[in-house]
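# What the coordinates show
Listed below are the residues making up each chain.
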Amino acid sequence: MISVAQLQSLDFWYNIDFECYEFKDIFVEIIDNGFTLKMVFRLEDFELYGIRDVRDLTKLIELVYGK
């Protein structure tokens, strides 16, 4: 699970209107249903799976936007 501090270190910022973290076209929504905590990653109209930690997210950013 990626922490809020890790998102902020990758220059994600919290969008109050959409209640999610944003970095360019990548959106991270944190869903807490009381039993489990789930993170949903979206790139424009695509929902991304397999992002388990900050290293995966860093690789995604490098892949999409370059270094």
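Notes on the structure follow. Computed from a prediction, not measured in an experiment: that's the story for all the values here. (Residues numbered from 1 in each chain as written. Predicted model: local features only at pLDDT ≥ 70, side-chain atom pairs only at ≥ 80, totals over all residues. Heavy atoms only, no water.)

Here we take up the pattern of salt bridges. A complete count under the given rule lists three salt bridges for this structure. Across the pair Arg42 and Glu47 runs a salt bridge whose closest N-O atoms are separated by 3.9 Å. The partly exposed category is assigned to Arg42, whose relative accessible area is 32%. Accessibility expressed as a relative area gives 35% for Glu47, which makes it partly exposed. For Arg55, the salt bridge identified is with Asp53, shortest N-O distance 2.6 Å. Given the relative accessible area of 57%, Arg55 is considered exposed. Shared partners join several salt bridges into a network, and the residues in it are Glu29, Arg42 and Glu47. (Salt bridge = Lys/Arg side-chain N within 4 Å of Asp/Glu carboxyl O. Buried < 20%, exposed > 50% of the residue type's maximum accessible area, 1.4 Å probe, protein only.)

Here strand E2 (residues 20-23) runs beside strand E3 (residues 26-32); their pairing, made up of three bridges, is antiparallel. Each residue of the ladder has a partner; that of Tyr21, found in E3, is Val28. Bridge analysis of E3 against strand E4 (residues 37-43) gives seven bridges, and the strand direction is antiparallel. If you follow Phe27 over to E4, its bridge partner there is Arg42. Linking E3 back to E4 in an antiparallel pair, the connection comprises four residues, with Gly34 at a positive phi of about 95°. (Pairing = 2+ DSSP bridges. Helix = DSSP H or I, 4+ residues; strand = E, 2+ residues; numbered from the N terminus.)

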